[in-house]
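Structural characterization, general
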Amino acid sequence: MPRDVSTTLQTICDEVFARNPGEVEFHQAVREVLDCLGPVLARYPEFAQNKIIRRICEPERQIIFRVPWVDDNNEVHINRGFRVEFNSALGPYKGGLRFHPSVYLGIIKFLGFEQIFKNALTGLPIGGGKGGSDFDPKGKSDGEVMRFCQSFMTELYRHLGEHTDVPAGDIGVGGREIGFLFGQYKRITNRYESGVLTGKGLDWGGSLVRTEATGYGTVYFVEEMLKARGASLEGKTSVVSGSGNVAIYTIEKVNELGGKVVACSDSNGFIHDEQGIDLDLVKLLKEVQRRRIKEYVEHRKHAKYIEKGNVWDVPCDVAFPSATENEILGKDAKTLVENGCIAVGEGANMPTTPEGVKIFLDAKIAYGPGKAANAGGVATSALEMQQNASRDSWTFEHTDQRLHEIMKNIHQACYEVADEFGSPGNYVVGANIAGFLKVARAMLGMGVI
Ligand code: GLU
């Protein structure tokens, strides 16, 4: 890389870090992308001349608001709400809402920044954004969750619209929350605007496959990576972290393709079932009863529950981190590689630390970074928007086929671009450059805005 290019990138990085102090996850996400852009700036000097990277790193709009609500004991609580509308070069801001106590501006900005490139990779007309709150839905009653969602939407609604900003779910926000949010939006605006939220219920504008999409899509992406190396998931052992929506439908698709998942987890510990995870039981515990994963072993006596254990210690051929950011540390990546892991498909956003990513890339295993591998969720959200816009609803088979094609295309784009820019087999480089090029070209075409 020419010296002036690397100096420019370093200067931009320093500026972004100084302008956004303390937002460590955002810094990490920015550095990962900028580290890949040297060959792009060298080839296309117009991007630097027009300060495209500096503009991409600055959100178009950031909204922070108070969310007051009353619990079942009549106690008043105050949470903080966020929506970061990062980039609308390719379409309305699109990205989920996360309700989790760890949420602060740095988390929302990292997620929103990743979302720009992920959404670009889908090839569909969606910009990037993200939002959420430090509200903890764990242990709250349905009534409390409803009152919180109504209060949250009472502020947020003025910033949304099917052509403006279209939220969906993320950690802590599923079908129940989207229902409460949509109901309040409809009530305040007096508009049945289906396309303003995705992940809706199937009876009122939701899309088939949206629930399964992130997990299925991640597995489709891993199948493609393995296919490129003359392998497949059949007969392979997988480990999945998490036991939420992404994890559950990752397990379902791995099973369908002839693989076996032997472990999954939650924030308290993990279960190890050498006979293969009983998915119906996990669905019952997590989707219906909202229980902790440790209860699995009460029903499946031969399985083990390891409280506070590290799921990455379980040997596997393929790892699917599907819980949260920075869950695979350098030491975990080392353990996985030493145990013979040949592929990693990131269902979560940025689940591997930079040290871990380096270990996977150095070991030359098939490493599918989240912004490519888990793009099936948001891609199917865009398919939901298409159905809403045409007042249509597609069959499961048709929607799943579209999702499958999209994931194949994302894999192909990442693979080819990595090759073209001198890093064959490196999907981090491929995803970052392919996503960046789409957004940068659109921004260039629209002038300085
Ligand atoms: N939260 C998901 C993601 O990280 C989905 C966003 C959406 O469907 O808008 O991509």
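We now turn to the structure provided with this report. Source: prediction; values computed, not measured. (Residues numbered from 1 in each chain as written. Predicted model: local features only at pLDDT ≥ 70, side-chain atom pairs only at ≥ 80, totals over all residues. Heavy atoms only, no water.)

1. Considerations on the sheet that holds strand E6 (residues 237-240)
Put simply, the rule is: Pairing between two strands requires that DSSP report at least two bridges joining them. Comment: elements are numbered from the N terminus, with helices defined as DSSP H or I runs of at least four residues and strands as E runs of at least two. Fitting a line to C-alpha atoms yields each axis, with helices limited to the stretch in contact; the angle taken between N-to-C directions then spans 0 to 180 degrees.
Taken together, 7 strands build an open sheet; the order of strands is E9-E8-E7-E6-E10-E11-E12 and the sheet is mixed. Looking along the sheet, the strands with just one partner apiece sit at the ends: strand E9 (304-307) and strand E12 (366-368). Taken over all neighbouring pairs, the strand axes of this sheet differ in orientation by 15° on average, direction set aside. Where E6 and strand E10 (residues 318-320) come together, 3 bridges link them in parallel fashion. Note on E10: the bridge partner recorded for Ser-238 is Val-318.

2. As for the packing of helix H9 (residues 210-228) against helix H16 (residues 376-389)
Formally: Here a crossing is taken to be left-handed if its near helix is turned anticlockwise relative to the far helix by less than a right angle, and right-handed if that turn runs clockwise. The contact criterion used throughout is that any non-hydrogen atoms of two residues lie within 4.5 Å.
In the contact formed by H9 and H16, the axes pass within 7 Å of each other and the chain directions differ by 145°. Here the hand of the crossing between H9 and H16 comes out right-handed. Listed contacts from H16 to Arg-210, Ala-213 and Thr-214 of H9 are Gly-376, Gly-377, Val-378, Thr-380, Ser-381 and Glu-384.

3. Focus on the sheet that holds strand E2 (residues 76-87)
Read across the open sheet, the 5 strands follow the order E1-E2-E4-E3-E5; overall the sheet is mixed. Every other strand in the sheet has two partners, leaving strand E1 (61-70) and strand E5 (165-169) as the edge strands with one partner each. Mean inter-strand twist for the sheet, computed between neighbouring axes without regard to direction, equals 20°. In this sheet, strand E4 (residues 128-133) lies alongside E2 in antiparallel orientation, the contact comprising 6 bridges. Bridging from a neighbouring strand, Asn-87 pairs with Gly-128 of E4. Contacting E1, E2, strand E3 (93-99) and E4, helix H6 (residues 105-121) runs over the sheet at an angle of about 150° to E4.

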